[in-house]
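Report on the structure
Read off the chains here:
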Amino acid sequence: MNKNFLTFLPPVFLTLLLSLPLLGFFAQENSKDILLLQRWDWVLYATAAVFLANSVLIVLKKYPLPSFAISPPAKNLNALKALLFLGLLALPFLSSRSTIDLATLVLLYICLAWGLNITMGLAGLLDLGYVAFYAIGAYTTAILSHYYGLSFWQCVPLSGLVAAIFALVIGMPILRVQGDYLAIVALGFAEIVRIVATNWQSLTGGPNGMSGMPRPTFFGLEFGRTSSSGLPTFQDFFHIPFNSEHRLIFLFYCILGLAIIIYVVSKRLRCLPLGRAWEAMREDEIACRALGINLPRIKLSAYSIGAGIAGLVGAFFATKQGFVSPESFTFNETAMIVAMVVLGGMGSLWGICIAATFLVLLPELARGLADYRMLLFGLAMILVMRFKPNGLISVRQPTVKMS
Amino acid sequence: MLNISHISTFYGAIQALDNISLNAEKGEIVTLIGANGAGKTTLLSTLCGNPRAKSGTITFNGQDITALPTNQIVRLGLAHAPEGRRIFPRMTIFENLQMGALVADKKHFAADLEYVFTLFPRLKERIAQKGGTLSGGEQQMLAIGRALMARPQLLLLDEPSLGLAPLIVKKIFHVLKEINQQQGMTILLVEQNAHHALSLAHRGYVLVNGRITLTGTGKELLQSDEVKAAYLEGAA
Ligand SMILES: Nc1ncnc2c1ncn2[C@@H]1O[C@H](COP(=O)(O)OP(=O)(O)OP(=O)(O)O)[C@@H](O)[C@H]1O
Ligand SMILES: [Mg+2]
C-alpha cells in the first residue's frame, strides 16, 4: 500500500509543476491591451485527473480486467472480409456525396500506407520522404495532361513509372551505404521536390498549383454533361439521366480497384523470393549478407516499388482534387502515413488498413471539438503505443502454411 | 580449394589480422582456434569481403575472390553461418531454410530440405515454429541447416558451440563429421572449444592476436604444450 502510494507521487507532482505555468496563467485581450489572468482551479482539475487516472491504473494492476484476445477463427475472418468488400461495393448507393468523398479519401490513404508498407513495413527502410513520390505522381499527371494532352488512363502508369525512376536515381547512391542515411536524404529530397514545385512557376504554376486535371473515363466514355471525344457520354450510352455524382462514384470504384490491386500484389510479393528477402533484411542484415543476398539491389527494389505505388496514388489524388499544389505535399503527410504503418503494425495489411481509416476519419469526425482535435489525436497515439507497442496487429503471418 | 595468402585486415587504424596464410583442401575439416578477440570472426568475414583485406589474396577453386562483392562470393559456393547464429527471429524454421536456399538451384530444394531434416530431425518437428522462439541448440542446428541449403562447397562456421550445453555440442560436432564424411563437404570451423574442434578436424591453426602462431594436424595440436596450456586446461 505504502509503495503504491509512492508510485503515485511523481506523476501527480509533475502535473502540478507543469500545469502551474501552462494552465495556471492565460492571456486575454481586451480593447486596450493584453491581460495576464490566473485560473488556479484548472491546475487543481488537471492534478486531480492525473491522480484519479493513476488510482485507476493501480487498481487495474491489482485486479486486471479479463484479457480479451482479438483473434476470431479464420473462417469468420474471411466472412468478415467478404462482408466488408460487399459493404464497400454498395456504399456509393447508400450514402451521400460527402460520405463518398470521405470514403474515397480513406481508400487513397490506405493505398498510400500500403505502398509505404512495402518500403518500411516489409523491407524496414525508414523513408521520411515518401510524400515526394506522391507529389511526383500527382504532378506527372498534371503536367502530362496539361502540356501533352494525355488522358487520365495514359497518365496513371506513367506517374507510377516516373516516381519509381526518381526513387531509383535517389536510392542508388544512398542505399549502397550502410546505416540510416536514407531517412535523412529522403527527408531532404521531399523538401526539394516541394520547393521546386513551388518555385518553378512556368511549369507547375508555383504556389497556385495546376488545375484542370484529366478525368477518368469508363472505357473511353466521359462522365461530363457533354462529351469532347466524339463518343457519347457515359449517361447517354447507358440511357440514364445525367447526375454529377456518377463521376464521384466511378472514381470511388477506381480507387477501390487500385487498393485491391495493391493488396493482392503486396500479398503475392511476400511469398516470392524478393519479398522474403525484404523481410529477412528487416530482421537481420548481417545474416542476409552471409546468405548471398545482394542488399543494395533488394533495398532499391523495395524503395522504388513503394515509390511507384505512391506515384500511382498521386495520379488518382490529382484527379480527385481536380488540382494539385505544393501545399498538399508537406512533411505532415509523410508523418501521417508513417504513423499509419507504425500504429497499424509494420507489415500487417489489415492493421494498417484499420489505422489509416482511423487516422483519416478521426479528424473529420472530431471536427466539432475544434482545437482539441489534435489533443485527441495525440491521446489515441499514446494509447496505441502504451497497449500495442508493435502496432494494432503485430503478429507476422508465415508466408507458407504448414500443417 | 581455399587459399588465403598473406592477408592483413584493419578496422580503421586497428590491425585485426596480420599476414595470415591458411588453406583448406577439398574434403577437409580445418579448424581455427583462438581466444576472444584473436580475430577469428574477422578472418571469416574477410573471406566474405566485409571488411576487405588490405593486402594479400584469397582464392577459391583457383579464382581470385579478394575483391568480389559478398553476394558473388557466396554464390561461388561458400556458405557462412555467422557468429551468434543470426536466425531470422520472426520467420518460421521453414522460411529460414528457404532463405538459405535463395542462391541455390530451385530443383534441389526438396531433396536438400529432406537432407537437413535427416541431419536434424528436431527441425522437422518444429517446422512452423518461429526462429526466435527456438532454444539455443535448435537455433544453431537451424543456422547450420540454413547454410547447407545454399549447397555450398565450403562451409564456414563461426563458433557453433557458443553457449551450448556439452551434450548438444557433441551432437552438433557429430553432425559436422557426418556432413564431411557423407558429402565430402569441406568445412572451415572457427572455435574456442579447442578440445572438440581439434579432435574433429584434420588440421588446425592457432590464432593469437591476429597472427597464426601454430599449425599442424588436429592430433599434433592437441598434444602440443602451447595449446594444452592456453586452451585445454581442465578440458581433457
Ligand atoms: N567492427 C569492428 N570495428 C572495430 N574493431 C573491431 C570490429 N570487429 C572486431 N573488431 C576488433 O578486432 C579484433 C578481433 O575481433 P574478432 O571478432 O575477429 O575476434 P574473435 O576471435 O572472433 O573473438 P570471439 O571469440 O570473442 O568471437 C578485436 O580486438 C575486436 O575488438
Ligand atoms: Mg568471434
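Our subject is the structure listed above.
These notes cover the structure that comes with them. (Residues numbered from 1 in each chain as written. Chains lettered and ligands numbered in written order. Predicted model: local features only at pLDDT ≥ 70, side-chain atom pairs only at ≥ 80, totals over all residues. Heavy atoms only, no water.)

**Notes on the site of ligand 1**
All names here are of chain B. For clarity, the threshold we go by: Summary of the distance rule: residues count as near a molecule or strand when at least one heavy atom falls within 4 Å of that molecule or strand. We call two N or O atoms a polar contact when they sit within 3.5 Å, provided that within protein one can donate a hydrogen and the other can accept it, with sequence-adjacent residues counted only if both atoms are side-chain atoms. Each accessible area is a Shrake-Rupley result for a 1.4 Å probe, and residues are judged covered by the shown protein chains and nothing else. Going along the chain from the N terminus, every DSSP run of H or I of four or more residues is numbered as a helix, and every run of E of two or more is numbered as a strand. For this scheme, ten residues count as nonpolar: Ala, Val, Leu, Ile, Met, Phe, Trp, Tyr, Cys and Pro. Four count as charged, namely Asp, Glu, Lys and Arg, and the remainder, Gly too, count as polar.
In the vicinity of ligand 1 lie 13 residues, with N36, K40, T41, T42 and E83 positioned nearest. Within the backbone of G37, an N or O atom sits 2.8 Å from an oxygen atom of ligand 1. Taking E83, its side chain carries an N or O atom lying 2.5 Å from an oxygen atom of ligand 1. Relative to its free-state accessible area of 630 Å², ligand 1 is covered by the protein chains to the extent of 60%. By residue number, the principal contributor to the shell around ligand 1 is helix α1 (residues 40-47), which donates three residues. Each residue belonging to the shell around ligand 1 can be placed in one class, and the counts come to four nonpolar, six polar and three charged.

**Details of the state of the cysteines**
For clarity, the cut-off: Throughout, disulfides are identified as pairs of cysteine sulfur atoms within 2.5 Å of each other. Each residue is placed in one exposure class: buried if its accessible area under a 1.4 Å probe, protein chains only, is under 20% of its type's maximum, exposed if it is over 50%, and partly exposed if it falls in between.
For the structure shown, the criterion picks out zero disulfides over all chains. C254(A) takes part in no disulfide bond, and the closest cysteine sulfur, belonging to C111(A), lies 11 Å away. Of all cysteine sulfurs, the one in C48(B) lies closest to C288(A), which takes part in no disulfide; the gap is 14 Å. Accessibility expressed as a relative area gives 0% for C288(A), which makes it buried.

**Observations regarding the sheet that holds strand β4 (residues 55-60) of chain B**
Residue and element names in this part refer to chain B. Keep this limit in mind: Two strands are said to pair when DSSP picks up at least two bridges between them. By definition, residues are in contact when any of their heavy atoms lie within 4.5 Å. The axes are straight lines fitted to the C-alpha atoms, using for helices just the contacting stretch, and the angles between their N-to-C directions are given from 0 to 180°.
If you trace the four strands from one edge of the open sheet to the other, you get β2-β1-β4-β5, paired in antiparallel fashion. Both edges of this open sheet fall to β2 (14-24) and β5 (63-64), since each of them pairs with a single strand only. Bridge count between strand β1 (residues 2-11) and β4: five bridges; the pairing is antiparallel. Bridging across to β4, N3 finds its partner in T59. Packed on one face of the sheet, α1 meets β1, β2 and β4 and runs near 115° to β1.

**Details of a nonpolar patch on the surface**
Residues and elements named next belong to chain A. Inclusion rule: Patches here are clusters of residues that have more than 30% relative accessible area and form no salt bridge, with a 9 Å joining cutoff for like charges and a 5 Å cutoff for nonpolar side chains (Val, Leu, Ile, Met, Phe, Trp, Tyr). Salt-bridge detection follows one rule: a side-chain nitrogen of Lys or Arg within 4 Å of a carboxyl oxygen of Asp or Glu.
A contiguous nonpolar patch, built from W42, L44, Y45, L369, Y372, L375, L376, L379, L383 and F387 and spanning about 1100 Å² of accessible area, is present on the exposed surface. Going through the elements one at a time, α2 (40-62) and α16 (373-387) are the ones with two or more residues in the nonpolar patch. The dominant element in the nonpolar patch, judged by the number of residues it contributes, is α16, at five residues. With a relative accessible area of 55%, Y45 lands in the exposed category.

**Some words on the coordination of the magnesium ion (ligand 2)**
Residues and elements named next belong to chain B. Cut-off, in case you're wondering: A donor here means an N, O or S atom no more than 2.8 Å from the metal, or no more than 3.2 Å when the metal is Na, K or Ca. Since water is not included, a site may seem to lack partners.
Protein coordination of the magnesium ion (ligand 2) is provided by T41 (OG1) and E83 (OE), with donor distances spanning 1.8 to 2.4 Å. Here E83 lies in the loop between β6 (78-81) and α3 (93-100) and T41 lies in helix α1, a separation of 42 residues in the sequence. Since its relative accessible area comes to 25%, T41 is described here as partly exposed.

**A few points about the nonpolar core**
Selection criterion: Residues grouped as a nonpolar core are buried Ala, Val, Leu, Ile, Met, Phe, Trp, Tyr and Cys residues, joined through side-chain atoms within 4.5 Å.
Of all hydrophobic cores here, the largest spans 103 residues; its most connected members are W114(A), F133(A), Y134(A), Y303(A) and F316(A). At 15 residues, helix α4 (residues 97-122) of chain A tops the list of elements feeding residues into this core. Not counting residues up to four positions away in its chain, the partners in contact with F133(A) are D127(A), A163(A), F166(A), A167(A), F189(A), Y303(A), A307(A), A310(A) and G311(A). Counting 50 residues, the second largest nonpolar core, distinct from the first, contains L97(B), V103(B), V116(B) and I127(B).

**Considerations on the sheet that holds strand β10 (residues 211-217) of chain B**
All names here are of chain B. Read from one edge of the open sheet, six strands run β6-β7-β8-β3-β9-β10, paired in mixed fashion. The sheet is open, and its two edges are formed by β6 and β10, each paired on a single side. Strand after strand, the sheet turns through a mean of 15° between neighbouring axes, direction not considered. Pairing of β6 with strand β7 (residues 154-158), which is carried by four bridges, proceeds in the parallel orientation. Across the sheet, the residue bridging to L78 is L154, located in β7.

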